[in-house]
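Analysis of the macromolecular model
Next come the chains, spelled out residue by residue.
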Amino acid sequence: MSEKEGVITGVGGIFFKCRDREGLVDWYRKKLGFPFDGIGASFVFREDADPEKLGYFVWGPFKRETDYFRPSGKEYMINLRVRGIEALVDRLKRAGVEQIGEIEEFEYGKFAWIVDPEGTKIELWEQIGEPPSLSDAPEDVK
């Protein structure tokens, strides 16, 4: 894989609205063993270009009433993993893609948002730090 900055490196998660978030989370935990941490279920993997580095994919159910997917009216949002988020956002702007809000940074990553031509909100995520630990997950999914 290329080492250049401002590229998509994979899918970082799928986020969706649901009618009964607690019931759905409970079903996925009990039936499929999803390690729900209170926000989502994180699935850890090794980075292809650097096997010493850990990445993670997030399954994230949201309450139906969430505003997090706006301005999209869709029931889901796609999260894409990025290397060099600032370079990617700059390139997208030059290509005429509108950025929603500003780049935000948290202890677990940098985020930016765009909307595709079909109205789907896309969250761009550059991971910072290590994946969440299963030590906080309920005992029955460790």
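What you see is a predicted model, and the numbers here were worked out from it, not measured in a lab. (Residues numbered from 1 in each chain as written. Predicted model: local features only at pLDDT ≥ 70, side-chain atom pairs only at ≥ 80, totals over all residues. Heavy atoms only, no water.)

Attention shifts here to the overall build of the chain. Counting secondary structure elements, the chain contains two helices and seven strands. Ordering the α and β elements of the chain from the N terminus gives β-α-β-β-β-α-β-β-β. In terms of C-alpha radius of gyration, the chain reaches 16 Å, essentially the compact-globule figure of 14 Å for 142 residues. In terms of overall dimensions, the chain has C-alpha extents of about 50 × 40 × 20 Å along its principal axes. By the burial criterion, 39% of the 142 residues in the chain qualify as buried. A distance of 4 Å separates the average location of the 21 positive side-chain charges in the chain from that of its 28 negative side-chain charges. (Helix = DSSP H or I, 4+ residues; strand = E, 2+ residues; numbered from the N terminus. Rg over C-alpha atoms; globule rule 2.2 N^0.38 Å. Buried < 20%, exposed > 50% of the residue type's maximum accessible area, 1.4 Å probe, protein only. Lys, Arg positive; Asp, Glu negative; His and termini not counted. Charge placed at Lys NZ, Arg CZ, Asp CG, Glu CD.)

One finds Leu80, Val82, Ile85, Leu88, Val89, Leu92, Ala112, Ile114, Ile122 and Leu124 forming the largest nonpolar core, which totals 10 residues. If you tally residues by element for this core, the top one is helix H2 (residues 85-94), at four residues. Counting residues in each nonpolar core, the second largest holds eight residues, with Phe15, Val58, Phe111 and Trp113 among its members. (Core = buried A, V, L, I, M, F, W, Y, C linked by side-chain atoms within 4.5 Å.)

Our next topic: the sheet that holds strand E6 (residues 109-115). Taking strand neighbours across the sheet as the criterion, the seven strands line up as E2-E3-E1-E4-E7-E6-E5 in an open arrangement whose pairing is mixed. Where the open sheet ends on each side, the last strands, each with one partner, are strand E2 (41-46) and strand E5 (99-106). In this sheet, adjacent strand axes meet at a mean angle of 20° when their direction is disregarded. Pairing of E6 with strand E7 (residues 121-127), which is carried by seven bridges, proceeds in the antiparallel orientation. Bridge assignment links alanine 112 to a residue of E7, and that residue is leucine 124. The strands touched by helix H1 (residues 21-32) are strand E1 (7-18) and strand E3 (54-63); relative to E3, the strand with the most contacts, the crossing angle is about 140°. The sheet strands contacting H2 are E1, strand E4 (76-83), E5, E6 and E7, and the helix crosses E7 at an angle near 150°. (Pairing = 2+ DSSP bridges. Axes fitted to C-alpha atoms, helices over the stretch in contact; angles between N-to-C directions. Contact = heavy atoms within 4.5 Å.)

Attention shifts here to the pairing of E6. Among the seven residues that make up E6, six are buried, leaving the element largely enclosed by the rest of the structure. Sheet topology places E5 next to E6; five bridges connect them, and they run antiparallel. Bridging from a neighbouring strand, glutamine 99 pairs with isoleucine 114 of E6. Hairpin geometry of E5 and E6 is characterised by an intervening segment of two residues between the two adjacent antiparallel strands. In this structure, the hairpin formed by E6 and E7 is closed by a connection of five residues, where glycine 119 is found at a positive phi of approximately 90°.

As for its position among the elements, threonine 66 is in the loop between E3 and E4. Residue classification places threonine 66 among the buried residues on the basis of a relative accessible area of 17%. Polar side-chain contacts of threonine 66 include one of 3.0 Å to the backbone nitrogen of tyrosine 68. (Polar contact = N/O pair within 3.5 Å; in protein donor to acceptor, adjacent residues only side chain to side chain.)

If you walk through the whole model with that rule in mind, you get six salt bridges. Residues arginine 29 and aspartate 26 are paired through a salt bridge, measuring 3.9 Å at the closest nitrogen-oxygen approach. In this pair, arginine 29 and aspartate 26 both sit in helix H1, three residues apart, roughly one turn of the helix. The residue lysine 110 makes a salt bridge to glutamate 86 at a minimum N-O spacing of 3.0 Å. With lysine 110 in strand E6 and glutamate 86 in helix H2, this pair connects stretches of sequence that are 24 residues apart. On the accessibility criterion, lysine 110 (19% relative accessible area) is buried. We classify glutamate 86 as partly exposed; its relative accessible area is 36%. The network of salt bridges with shared partners includes Asp26, Arg29 and Lys30. (Salt bridge = Lys/Arg side-chain N within 4 Å of Asp/Glu carboxyl O.)

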